[in-house]
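# Architecture at a glance
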Amino acid sequence: MWTSSRNSTRLLLFALLIAVGPTPAADNPADRGFLLSLQDPSGCWTSAVPLRSTAAALLALAQPPLAPDRARDLDRAADWLVGRQAPDGRWGEPERPAAAADHALALWALADYQRLRPAPARAAALGRGMGFALRVQQRNGGWAPTLGATARDSRPATGLLIVALVAAREAGATDPKLESALQRAGAQLLGYQDPRTGLLDHPLATWISVAAWRALGRDCDPATRRAVLAGQLPETALGVRAR
């Protein structure tokens with residue numbers, strides 16, 4: 001079991017590496033098979049942060065074509081994520097405040113899987129998850145690292161939630177507040193970009209912001225191009241998969 005903090009981080013990064021391809025890992029069936037072999041019988045990936053690890057693993061493995069045995073395994077992962085959602089729509093680890101990264105990854109993973117294998121329970125969970133994210137969006141358009149907190153908004157949290165909400169929209173989830181919320185969030189990220197360098201305040205923020213702008217259809221916007229060039233990012237930065 002990958003239960004130590006160090007191994008939990010390795011599992012999460014390994015899953016995300018496969019999920020955000022194209023990379024050699026993304027095209028390697030052995031890597032996918034190894035990741036699947038780590039799945040717990042309950043459907044999750046056991047780690048210090050099982051919600052985050054399970055969402056990342058589902059993102060990595062939920063790519064067509066799905067063989068019947070893999071679909072059964074991933075159904076269990078998706079069902080596990082649905083079962084971990086709170087009644088108000090949030091995803092988070094028990095006894096902890098809702099972390100933006102946990103909520104965003106669960107929403108994103110479930111949305112991608114819903115597009116492959118639609119199910120009413122997953123559709124309902126996506127609607128609840130979208131609604132919760134929109135309710136806790138800050139007035140300036142961003143999201144704090146801990147959802148619902150009054151802390152300053154976080155660029156990685158805001159970028160991840162943009163990507164997740166767009167994925168949920170494309171999986172069929174709707175909310176009358178969604179489009180304006182996405183536009184405000186994208187503009188908030190843009191306000192953090194250095195107009196001289198094209199970068200945000202640190203590499204992770206730049207990387208995720210590029211993914212968010214691309215999810216919003218802004219691939220060719222000058223801000224996106226400056227960030228890609230300044231950050232020396234690949235054209236598929238954070239590989240938000242073509243839909």
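Everything that follows concerns the structure shown earlier in this document.
Residues numbered from 1 in each chain as written. Predicted model: local features only at pLDDT ≥ 70, side-chain atom pairs only at ≥ 80, totals over all residues. Heavy atoms only, no water.

What follows covers the overall build of the protein chain. Counting secondary structure elements, the protein chain contains 10 helices and zero strands. Listing the helices and strands of the protein chain from first to last along the sequence gives α-α-α-α-α-α-α-α-α-α. For the protein chain, the proportion of its 243 residues judged to be buried stands at 55%. Across the protein chain, the fraction of contacts at a sequence separation of at least 24, relative to all contacts at a separation of at least 6, is 64%. For the protein chain, the computed accessible surface area is about 10,900 Å², with 58% contributed by carbon and sulfur atoms. (Helix = DSSP H or I, 4+ residues; strand = E, 2+ residues; numbered from the N terminus. Buried < 20%, exposed > 50% of the residue type's maximum accessible area, 1.4 Å probe, protein only. Contact = heavy atoms within 4.5 Å. Areas by Shrake-Rupley, 256 points an atom, 1.4 Å probe, with all protein chains shown as cover.)

Locating Gln-138 in the fold gives a position in the loop between helix 6 (120–135) and helix 7 (155–170). The class for Gln-138 is buried, based on a relative accessible area of 15%. Expressed as a C-alpha distance, the spacing of Gln-138 and Ala-149, which sit 11 residues apart in the sequence, is 9.1 Å. Discounting residues that sit within four places of it in the chain, Gln-138 has contacts with Ala-144, Ala-149, Thr-150, Ala-151, Arg-152, Asp-153 and Arg-184.

Let us look at the packing of aromatic side chains. All chains considered together, the criterion is met by zero aromatic pairs. The cationic tip of Arg-155 hangs over the ring face of Tyr-192; the distance from NZ or CZ to the ring centre is 4.1 Å. (Phe/Tyr/Trp six-rings, centres within 6.5 Å; stacked < 30°, edge-to-face > 60°. Lys NZ or Arg CZ within 6 Å of the ring centre and 35° of its normal.)

Turning to helix 3 (residues 50–61), a few remarks are in order. Given a rise of 1.5 Å per residue, 12 residues ought to cover 16 Å, and the 16 Å separating the end C-alpha atoms of helix 3 matches this to within 8%. Along helix 3, 11 of the 12 residues are buried, which leaves the element largely enclosed by surrounding structure. (Expected span 1.5 Å × (residues − 1).)

Relative to the helices and strands, Asp-40 resides in the loop between helix 2 (29–37) and helix 3. Buried within the structure, Asp-40 lacks any salt-bridge partner; its nearest side chain of opposite charge belongs to Arg-76, at an N-O separation of 6.7 Å. A distance of 2.8 Å separates a polar atom in the side chain of Asp-40 from a polar atom in the side chain of Ser-42. (Lys, Arg positive; Asp, Glu negative; His and termini not counted. Salt bridge = Lys/Arg side-chain N within 4 Å of Asp/Glu carboxyl O. Polar contact = N/O pair within 3.5 Å; in protein donor to acceptor, adjacent residues only side chain to side chain.)

For the rest of this paragraph, the subject is the environment of Ala-125. With respect to the secondary-structure elements, Ala-125 resides in helix 6. The class for Ala-125 is buried, based on a relative accessible area of 0%. Separated by 43 residues in sequence, Ala-125 and Val-82 place their C-alpha atoms 6.3 Å apart. Sequence-distant contacts of Ala-125, defined by excluding residues within four places in its chain, comprise Val-82, Gln-85, Trp-91 and Leu-110.

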